[in-house]
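For reference, the chains in residue letters:
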Amino acid sequence: MTDSASRIARVRLARSLPRLLALPVLLVVVAAAVAVAGLLLLPMPAGAVAPVAAAVLVVVALWWAGRMLSVRLDVEESAVHIHWLGGERRYVLTPGPVTRVRFRGENSSAVRARSSWLGGQLGAARLRDEEDIQIIRLAPTATAILVPTEDGRLAIAAADEEQLLQALTEAARARQRSEAVAPQPAEPEPEPEAPEPEPEPVTLDPRFMTGIERAAYERRLAEERDAAAVAALAAAEAEAARQEEQRLADEAGVPASTAAATATAEARPRARRWRPRIGTRMERPRATMAFILLPLLGAGVAWGIGVASGRMPEPGTDLGRLTSLALVLAGPATSIAAIMARAWWPRIIGVVVAGGLAASVFIGRALLGG
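This text gives an overview of the structure that appears in the document. (Residues numbered from 1 in each chain as written. Predicted model: local features only at pLDDT ≥ 70, side-chain atom pairs only at ≥ 80, totals over all residues. Heavy atoms only, no water.)

**Overview of the side chain of T334**
- Residue position: T334 is located in helix α8 (residues 318-344).
- The exposure class of T334 is buried, given its relative accessible area of 10%. (Helix = DSSP H or I, 4+ residues; strand = E, 2+ residues; numbered from the N terminus. Buried < 20%, exposed > 50% of the residue type's maximum accessible area, 1.4 Å probe, protein only.)

**Structural notes on the nonpolar core**
- Among the nonpolar cores identified, the biggest contains 28 residues, and L73, V75, V80, I156 and L164 are the most heavily contacted of them.
- Those elements giving two or more residues to this core turn out to be α1 (17-41), α2 (49-69), β2 (72-76), β3 (79-84), β9 (143-147), β10 (154-156) and α3 (161-181).
- In terms of residue count, the dominant contributor to this core is α3 (5 residues).
- If we ignore the near neighbours within four places in the chain, the residues touching I156 are L13, L73, V80, I136, A144, I145, V147 and L164.
- F103, A113, I135 and A144 belong to the second-largest nonpolar core, a separate cluster that totals 11 residues. (Core = buried A, V, L, I, M, F, W, Y, C linked by side-chain atoms within 4.5 Å. Contact = heavy atoms within 4.5 Å.)

**So, a nonpolar patch on the surface**
- Taken together, the side chains of F291, L294, L297, V301 and L357 define a hydrophobic patch exposed on the protein surface, amounting to about 380 Å² of accessible area.
- The element that contributes the greatest number of residues to the nonpolar patch is helix α7 (residues 294-309), accounting for 3 residues.
- On the secondary structure map, L294 appears in helix α7. (Patch = residues over 30% accessible without salt bridge, like charges linked within 9 Å, V, L, I, M, F, W, Y side chains within 5 Å. Areas by Shrake-Rupley, 256 points an atom, 1.4 Å probe, with all protein chains shown as cover. Salt bridge = Lys/Arg side-chain N within 4 Å of Asp/Glu carboxyl O.)

**Some words on the sheet that holds strand β1 (residues 7-11)**
- The 4 strands lie next to each other as β1-β2-β3-β4, forming an open sheet whose pairing is antiparallel. The open sheet has two free edges, formed respectively by β1 and β4 (87-92), since each of these has just one partner strand. Strand-to-strand twist of the sheet, defined as the mean angle between neighbouring strand axes without regard to direction, takes the value 20°.
- One ladder, built from 4 bridges, connects β1 with β2; its direction is antiparallel. Residue pairing for β2: A9 is matched across the bridge by V75. (Pairing = 2+ DSSP bridges. Axes fitted to C-alpha atoms, helices over the stretch in contact; angles between N-to-C directions.)

Everything listed here is a matter of geometry and, on its own, says nothing about what the molecule does.
In structure tokens:
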């Protein structure tokens, strides 16, 4: 358990629920398919084993979901403490620079983690194919903070990087205070010697700072530069507008206030055009859950057509088992595949949904006898 006296702060991690829950949901769907297939396709008593296997898969899915959702990060005075459901790990901090690494955009770095296929990156990883690091990244963030530890650098994808940097700064200062008040070992008294001139006091450069403080300082400078650029752009636009008003007033021979009102009225329709703000980024549209559930709805419609027309095969026959399996694959299995595609391969989600709907159409047509 984490010692509350030594804990500096609890840092909130960035999380992507679709990625973290994709594997548990897939296991639950597979468990349902195993149970249905075992009861419909396998003869007794072999078919009774399928519900037991399905229950085991559900328990594994619930355990994994609880493990990924319970990951917490605490910054202590001398370590970064990670704990989750049923386990924990402590990374002891060491002196060194705290830096930021980019995973997307310009000057991006590639990172390969062993647990990437599980929806989150937690544990050992390799940065730029040249450095072994530890990583805690539960969402596809664009950046992460690299912290030096005794086990190598630790990459942390926090929901608020400023909070993480502040906590690390407070931890470094707490260590310095602890080292300052720690009792020093007694030294033997030296023999009396001739008095020597006192050395001049050493004045430290105020710009000297630790790696954590330097990272926070550079971040603050970048924000100030962005604010100055925005202010300069606004001032330039205001000056251009003033000069345009003055030019219109000189040409029309009317006061500048009247010319400004006329120019504003003429330019109002053009001002309604949307202009992206500085620093905004166009996000790629993502499929909604309603679109993902379309295959499930299509399979339900096909099943309803078969029941309404009275042409649904008997459940105990081979044709009935094949029809049930086809409906499961076209509906629930396709929906879970769409959820996985939404988390890892968004570009193919349309193909997955279209395939499930096409299968439901063919099943419904076969039930109608077309």
